[in-house]
Amino acid sequence: MTYVLGLDLGTSALKGLVVDKNGQVVAEASHSYPMDTPEIGYSEQNPLSWIEAADQVIKDLVSKLPELTDSLEGISFSGQMHSLVLLDEKHEPLRPAILWNDVRTTKQCKKINETMGDTILKREKNIALEGFTLPKILWVQENEPEIWKEVRQIQLPKDYLRFWLTDNFAMDYSDAAGTLMLNQDNKTWDTELLEEWAVPASILPPLVESSAVVGVMKPELKERFGFSRDIKIIAGGADNACAALGSGVVKAGTGLCSIGTSGVFLKYEDKVDRDYQGKLHVFYHGMENTAYSMGVTLSAGNSLNWFKNTFAKNQPFEELLSEIDTVPIGCDGLLFSPYIVGERTPYTDSQIRGSFIGIDTHHQLKDFTRSVLEGITFSLKDSQRIMEAVADEKIEKLVSVGGGAKNKSWLQMQANIFDTPIVTLKTEQGPGLGAAMLAAVGCRWFSDLRECADQFVAYKEAVQPQPQQVERYKKVYARYRKMYSATKELCHQYFSQMEN
């Protein structure tokens, strides 16, 4: 038996999955690392901690599965998007990486959008937001000019890890799309944009497909881990692209609803030129010449965690959710908006805040609990509504992962609110499985990623929408959509007063 290894470089830990040709995970390991917040709104990480984690994970996997030394064929990657890694002429980090969730770059985003906003939306398919890589580059230029002068290579996290394994620079299209520097029309770095912001093209890596082989493991590392054969190193992809692969979202009519701390609603796109006017993200997929559109709810699972910790701290989640089926759809007029840290899709509003509306004396804890779940799901419905209206294409199957996939009642709620059959994965492995799939295709186990998905991804029985409940939810959702405009002015007035 031969194996591939998928390494998922997340924000808090690196996870490794060893997968065989049947798509079975035969060994896994993880190693965590810290995130630094030197100032409010700052989020940074030492790139060397990713290398230390990878070194430990590979050693742990070899220890768990000794035959790996003779049977591992390839390694690929999933990585946190957007985070900025700056290297000097010796290819060493010049400063800690500025992470995707760092929000120090509001000023730079405004400058980019005012200067080249329309052009960027047309070619890069997105608007400048704090998470993207380009605003971080501008921040370094303005605030750390002495460091910027020393930059000889710009990397994203997984690409720096892959460089450690191979000494070869590269970046795949799915991750490059999240830098805001890739012209997604022609799949090249945007030279006009680079010239405008004084970013030398020479410090950006060559662009490759996610399943491309970009090298083999360096001899010294091959010896360090005890591998007897050359290990192919495959480019890999952005975490959301890999999550889509690992969930089988590889054909038209399929989508993904992921409820973690934040929420992601993602749809497969046959091509990258879908025009959502900046209301949704559009990025290249891990599959060649395909894309995915994506909306984000900033506080999905985070809203439920906040609610539990504030109002039912000592109650297990299972107990908290146990009575939601006794509450009618719409919670007898009670609505919740999950904007507790601002909102991304479709408003891009950092000053909006969450609210309960329609509180009555008869409402109990179970009513509030259900309204939180409905509000989170309605917020993700906002992304689906834009996707289906612009593309004139209904999502026929939606894969639910994360916290929203763990409760049968919430799954039925999703099926009814999205008016779409919902499936869950028999084995949910997240972006790491997508990384392993890229390795499998790179090693030519399969002709393409669709064939690989047929072998690697399996679903449980679908949860079907219930027509009567679907119609009732349409009326509640229409009320929910009015909440943003009803609370926007008050929230913005508050923040304006705070600033003054």
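Each value, and the rule that gives it
- Residues numbered from 1 in each chain as written.
- Predicted model: local features only at pLDDT ≥ 70, side-chain atom pairs only at ≥ 80, totals over all residues.
- Heavy atoms only, no water.
- Patch = residues over 30% accessible without salt bridge, like charges linked within 9 Å, V, L, I, M, F, W, Y side chains within 5 Å.
- Areas by Shrake-Rupley, 256 points an atom, 1.4 Å probe, with all protein chains shown as cover.
- Salt bridge = Lys/Arg side-chain N within 4 Å of Asp/Glu carboxyl O.
- Helix = DSSP H or I, 4+ residues; strand = E, 2+ residues; numbered from the N terminus.
- Buried < 20%, exposed > 50% of the residue type's maximum accessible area, 1.4 Å probe, protein only.
- Pairing = 2+ DSSP bridges.
- Disulfide = S-S within 2.5 Å.
- Contact = heavy atoms within 4.5 Å.
- Phe/Tyr/Trp six-rings, centres within 6.5 Å; stacked < 30°, edge-to-face > 60°.
- Polar contact = N/O pair within 3.5 Å; in protein donor to acceptor, adjacent residues only side chain to side chain.
- Core = buried A, V, L, I, M, F, W, Y, C linked by side-chain atoms within 4.5 Å.

Caption draft 1: Representation of a nonpolar patch on the surface within the structure. Taken together, Trp306, Phe311 and Leu365 make up a surface patch of nonpolar side chains, about 280 Å² in accessible area. For Phe311, the position within the fold is in helix H11 (residues 301-311). Look at Phe311 and you get partly exposed, because its relative accessible area is 48%.

Caption draft 2: A look at the sheet that holds strand S18 (residues 281-284). Across the sheet, which stays open at both edges, the 6 strands sit in the order S18-S19-S17-S16-S22-S23 with mixed pairing between neighbours. Edge positions in the open sheet fall to S18 and strand S23 (422-423), since each of these has one partner strand only. Relative to S23, strand S22 (residues 397-402) runs parallel, the two sharing 2 bridges. Among the inter-strand pairings, Leu398 is bridged to a residue of S23, identified as Ile422.

Caption draft 3: Expanded view of the state of the cysteines. Overall, the coordinates contain 0 disulfides when judged by the stated rule. Cys257 takes part in no disulfide bond, and the closest cysteine sulfur to it belongs to Cys331, at a distance of 18 Å. Classification of Cys257 as buried rests on a relative accessible area of 0%.

Caption draft 4: Inspection of the environment of Glu150 at higher detail. With respect to the secondary-structure elements, Glu150 resides in the loop between helix H5 (145-148) and strand S8 (153-155). With 227 residues separating them along the chain, Glu150 and Thr377 place their C-alpha atoms 46 Å apart. Residues within four places of Glu150 in sequence aside, it is in contact with Leu87, Asp88, Glu89 and Leu94.

Caption draft 5: How the structure looks around the packing of aromatic side chains. Counted according to the given criterion, the structure contains 23 aromatic pairs. For the ring pair Phe225 and Phe227, a centre distance of 6.1 Å and an interplane angle of 55° mean the geometry is tilted. In this structure, Phe225 and Phe227 share a single accessibility class: buried. Both rings, one in Phe378 and one in Tyr477, keep their centres 5.6 Å apart while their planes meet at 35°; by these two values the pair is tilted.

Caption draft 6: View of the side chain of Asp172. Residue position: Asp172 is located in strand S9 (residues 171-172). Polar contacts involving the side chain of Asp172 include one to the side chain of Ser174, which spans 2.4 Å. Within the local environment of Asp172, its side chain forms a polar contact with the side chain of Ser210, the two groups lying 2.9 Å apart. Apart from residues no more than four positions distant in its own chain, Asp172 is found in contact with Lys158, Val208, Glu209, Ser210, Ala235, Gly236, Gly237 and Ala238.

Caption draft 7: View of the nonpolar core. Counting residues in each nonpolar core, the largest one holds 128 residues, and the members touching the most others are Ile154, Met181, Met437 and Phe456. Here the element with the most residues in this core is helix H13 (residues 365-391); it accounts for 9 residues. Ignoring any residue separated from it by four or fewer positions in sequence, one finds Met437 in contact with Leu245, Gly246, Leu449, Cys452, Ala453, Phe456 and Val457. One finds Ala54, Tyr160, Phe227 and Ile231 within the second-largest nonpolar core, a separate group that totals 40 residues.

Caption draft 8: Highlighting unusual backbone geometry. Residue Pro346 is bonded to the preceding Thr345 through a cis peptide linkage, with omega at 5°. Along the polypeptide, Pro346 turns up in the loop between strand S20 (335-337) and strand S21 (355-357). Its identity is not glycine, yet His82 carries a phi of approximately 75°, on the positive side. With respect to the helices, strands and loops of the structure, His82 is situated in the loop between strand S5 (72-79) and strand S6 (85-87). A relative accessible area of 12% places His82 in the buried class.

Caption draft 9: Structural detail: the pairing of strand S1 (residues 3-9). With 7 of 7 residues buried, S1 lies mostly within the body of the structure. With 7 bridges connecting them, S1 and S5 associate as parallel partners. Looking at the pairing, Asp8 lines up with Ser78 of S5. In this sheet, strand S2 (residues 13-20) lies alongside S1 in antiparallel orientation, the contact comprising 7 bridges. Residue Leu9 lies in a different strand from S2, and its bridge partner there is Leu14. Here S1 hands over to S2 after 3 residues, the two strands then running antiparallel side by side.

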